[in-house]
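Letter by letter, the chains look like this.
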Amino acid sequence: MSKKVFIKTYGCQMNVYDSNRMANVLKPHGYEMSESSDDADLVILNTCHIREKAAEKVYSEIGRLKKNKVAKAAEGNDMFIAIAGCVAQAEGAEMMKRAPAVDMVLGPQTYHRLPEMLKEAQAQRDAGRNSSRVMDTEFPVDTKFDHLPEESDFDNPAQFLTIQEGCDKFCAFCVVPYTRGAEYSRSVADVISEAERMAAKGVVEITLLGQNVNAYHGAEEQGEAAGLAALIKAVAAVDGISRIRYTTSHPRDMDDELINVHRDVDACMPYLHLPVQSGSDKILAAMNRQHTREDYFATIDKLRAARPDLALSGDFIVGFPGETDQDFEDTLDLVRRVKYAQAYSFKYSPRPGTPASTIEEQVPEEVKSARLARLQDLLEQHQQEFNDASVGMEMDILLEREGKQAGQLIGRSPYLQAVHVDLQTADIALDADRDTPYSGYMDKLVRVKIVEAGQRSLKGELVGTVPQP
Ligand code: SAM
Ligand code: SF4
């Protein structure tokens, strides 16, 4: 009999990728995905430890799930609760003690072991325990990538593909090197065969993922290591893949070869997420970012020379320990000079076990909040300006999902803007399906004229079709 699994994903795109792979690992064992935890036999919380209150959020979710579990047990049915991801890696043992409703704890590197862990949990349950106690947060030598079953179907023409994990940079604020471990790159052959499987199932756009994606150095067949630039060229050669993105990059690893990919490889989309975190040299040094603001400007200049329409995105942390008003002004100045198309910004939150968490000179909460509000005002203004400049332009949009209004589909522009396209009024038929003319456009690349710009999305009108890859 088929069983149901509900996976709740917190945090970054890497967790989205991991959640999809966990679903794949479980499928041959009879588990179908469920939209809700209510009817699930197994609930997995795939957690993120990057910012504050991560563990608290997980505990309160466990509290809610526990009620389901008790109700199901009263009806004689089993329900298992598993905690996966970075909170599990960092605080799993503690979690098992504090939350007895949790049956399993698995770190980001061990989810291929889920079926075995479930068996063990079931055996413990059969032996009369209310909850099982199964935990695996190792960093095994052979990686999860060596054990993953082939993906089933993809629900979206744009997919993530993890090529690199972990990090050796040790920024003073960041838990990633501790929760995801040392840098590891998949081999070129492994990545290409996954890209080929995706293309064969209708995927058109791939975002190559890594905590530090441009530090990629995967083994090639000849035994040499390929950098990200070579890998992007190899993925671009896969039949059917017409759009490639990559994230997240570190400014120090943005070499000339990779910069030139933005000029030379058509499939490489004109969008780059290149976090700088701060515009102050003093804070950059304290963060152990290992580059200066001038280094960053030099990289941006080269990128813009290679691809003048490049949309830039970034991450910022305000209120890092020791950040003065002047340091913060330096960040605003950097933002004014770079003018991001969009960006993410956060208040610094001390993460247990990281060097910055023990610095005494912490910035008061109200100062952090005021700085964040000022920074976000500026970033939003720039985002609106970038979007306004798109009005009147024609772009290829990959339509990925239905909008809220009938006949509306939503897709992404080359610059990663969300574009709402009203297809009910469009008179160009891509498919012969006359009853629902717009459904034929789903998952397709279409030519769209941008007619309106908001801060977070654009509106466009269909003007034509594009040859499908
Ligand atoms: N590897 C990327 C890099 O080098 O920038 C980003 C990794 S991290 C998963 C994503 C973002 O979370 C970071 O760029 C940073 O802005 C933010 N972040 C990480 N640790 C943080 C902390 N302790 N407090 C606030 N924001 C944090
Ligand atoms: Fe964290 Fe990124 Fe720094 Fe690595 S490079 S420690 S992932 S912020």
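Residues numbered from 1 in each chain as written. Chains lettered and ligands numbered in written order. Predicted model: local features only at pLDDT ≥ 70, side-chain atom pairs only at ≥ 80, totals over all residues. Heavy atoms only, no water.

Peer 1: Let's hear about the site of ligand 2: which residues, and what values?
Peer 2: Lining the immediate environment of ligand 2, one finds Cys167, Lys169, Phe170, Cys171, Phe173, Cys174, Val176, Pro177, Asn212, His250 and Arg289. Looking at the shell around ligand 2 residue by residue, the classes come out as 7 nonpolar, 2 polar and 2 charged. (Near = heavy atom within 4 Å. Nonpolar A, V, L, I, M, F, W, Y, C, P; charged D, E, K, R; others polar.)

Peer 1: Report on the packing of aromatic side chains, specifying residues and quantitative values.
Peer 2: Here the structure, examined in full by the defined rule, presents 5 aromatic pairs. Centre to centre, the rings of Phe170 and Tyr178 are 5.6 Å apart; their planes meet at 75 degrees, and the pair counts as edge-to-face. We classify Phe170 as partly exposed; its relative accessible area is 38%. Take Tyr178: its relative accessible area is 37%, and that puts it in the partly exposed class. Relative to Tyr415, the ring of Phe386 has its centre 6.0 Å away and its plane inclined at 75 degrees; by these criteria the two rings are edge-to-face. One end of the pair, Phe386, is in helix α12 (residues 365-388); the other, Tyr415, is in the loop between β18 (408-412) and β19 (418-422), with 29 residues separating them in the sequence. In this structure Tyr415 comes out as buried when scored by relative accessible area, which is 13%. What links up through ring pairs into an aromatic cluster is the set Phe173, Phe320 and Tyr348. Positioned over the ring face of Tyr17 is Arg21, at 4.2 Å from the centre of the ring. Over the ring of Phe297 we find Arg337, and its NZ or CZ is 3.7 Å from the ring centre. (Phe/Tyr/Trp six-rings, centres within 6.5 Å; stacked < 30°, edge-to-face > 60°. Buried < 20%, exposed > 50% of the residue type's maximum accessible area, 1.4 Å probe, protein only. Helix = DSSP H or I, 4+ residues; strand = E, 2+ residues; numbered from the N terminus. Lys NZ or Arg CZ within 6 Å of the ring centre and 35° of its normal.)

Peer 1: So what about the sheet that holds strand β13 (residues 243-247)? Which residues, and what values?
Peer 2: Where strands meet in a sheet, backbone hydrogen bonds hold them as pairs that are either parallel or antiparallel. Taken in spatial order, the 3 strands line up as β7-β10-β13 in an open sheet, and their pairing is parallel. The sheet terminates laterally at β7 (158-162) and β13, the two strands that pair on one side only. On average, adjacent strands in this sheet sit at an angle of 25 degrees to one another, irrespective of strand direction. Of the pairings in the sheet, the one linking β7 to strand β10 (residues 205-209) comprises 5 bridges and is parallel in character. Its bridge partner lying in β10, Leu161 is registered against Leu208. (Pairing = 2+ DSSP bridges. Axes fitted to C-alpha atoms, helices over the stretch in contact; angles between N-to-C directions.)

Peer 1: Run through the site of ligand 1, naming residues and quoting values.
Peer 2: Around ligand 1, the surrounding shell holds 16 residues, and the nearest of these are Arg51, Gln211, Gln277, Asp315 and Ser349. Here a nitrogen atom of ligand 1 sits 2.7 Å away from a polar atom, N or O, in the main chain of Gln211. In the model, a nitrogen atom of ligand 1 is placed 2.8 Å from a nitrogen or oxygen of the Ser349 main chain. Contact with the protein chains removes 91% of the 560 Å² of surface that ligand 1 exposes when unbound. Elements with a contribution of two residues or more to the shell around ligand 1: β15 (311-318) and β16 (342-347). Residue composition of the shell around ligand 1, grouped by class: 6 nonpolar, 5 polar and 5 charged. (Polar contact = N/O pair within 3.5 Å; in protein donor to acceptor, adjacent residues only side chain to side chain. Areas by Shrake-Rupley, 256 points an atom, 1.4 Å probe, with all protein chains shown as cover.)

Peer 1: Can you explain the side chain of Gln277? Please cite residues and give values.
Peer 2: With respect to the helices and strands, Gln277 occurs in the loop between β14 (271-273) and α9 (281-286). On the accessibility criterion, Gln277 (7% relative accessible area) is buried. Once residues within four sequence positions are removed from consideration, Gln277 is found in contact with Phe173, Met287, Arg289, Asp315, Phe316 and Ile317. (Contact = heavy atoms within 4.5 Å.)

Peer 1: Before we move on, could you go through the sheet that holds strand β5 (residues 104-106) and cite the residues and values that matter?
Peer 2: Across the sheet, which stays open at both edges, the 6 strands sit in the order β2-β1-β3-β4-β5-β6 with parallel pairing between neighbours. Strands at the two margins of the open sheet, each flanked by one partner only, are β2 (31-33) and β6 (134-136). Strand-to-strand twist in this sheet, taken as the mean axis angle between neighbours without regard to direction, amounts to 20 degrees. Helix-sheet contacts for helix α2 (residues 54-74) involve β1 (3-9), β3 (42-47) and β4 (80-84), and the interaxial angle to β3 is about 180 degrees. This element, helix α3 (residues 85-98), spans β3, β4, β5 and β6 of the sheet and lies at about 140 degrees to β5.

Peer 1: Please provide a residue-by-residue account of the environment of Glu56, values included.
Peer 2: Counting through the fold element by element, Glu56 comes out in helix α2. Residue class for Glu56 comes out exposed when judged on its relative accessible area of 51%. Residues Glu56 and Met104, spaced 48 residues apart in sequence, show a C-alpha to C-alpha distance of 18 Å.

Peer 1: Break down the pairing of β1 for me, with residues and values.
Peer 2: Where β1 and β2 come together, 3 bridges link them in parallel fashion. Bridging from a neighbouring strand, Lys4 pairs with Glu32 of β2. The parallel pair β1 and β2, bridged by helix α1 (residues 13-26), forms a crossover whose chirality is right-handed. Bridging between β1 and β3 involves 5 bridges; their strand directions are parallel. Residue pairing in the sheet places Val5 in a bridge with Leu42 of β3. (Right-handed = clockwise from strand over helix to strand, strands pointing away.)

Peer 1: How would you sum up the confidence of the model for the protein? Please name residues and give values.
Peer 2: On average, residues of the protein score 90 in pLDDT, and 95% of them reach the 70 mark or higher. Residue range residues 429-436 is modelled with pLDDT below 50. Its contacts to residues more than four positions away, or to other chains, number 8 contacts. (pLDDT = per-residue confidence, 0-100.)

Peer 1: Could you give me a rundown of α3, with the residues and numbers involved?
Peer 2: Helix geometry: α3 is bent most strongly at Glu91, by close to 85 degrees. Among the residues making up α3, those that are buried are Gly85, Cys86, Val87, Ala88, Gln89, Gly92, Met95 and Met96. (Bend = angle between axes of the 7 residues up to and from the residue.)

Peer 1: Describe the side chain of Asp315, naming the residues involved and giving the relevant values.
Peer 2: By the element assignment, Asp315 lies in strand β15. The class of Asp315 is buried, set by a relative accessible area of 15%. If sequence neighbours within four positions are ignored, Asp315 has contacts with His273, Pro275, Val276, Gln277, Tyr344 and Phe346.

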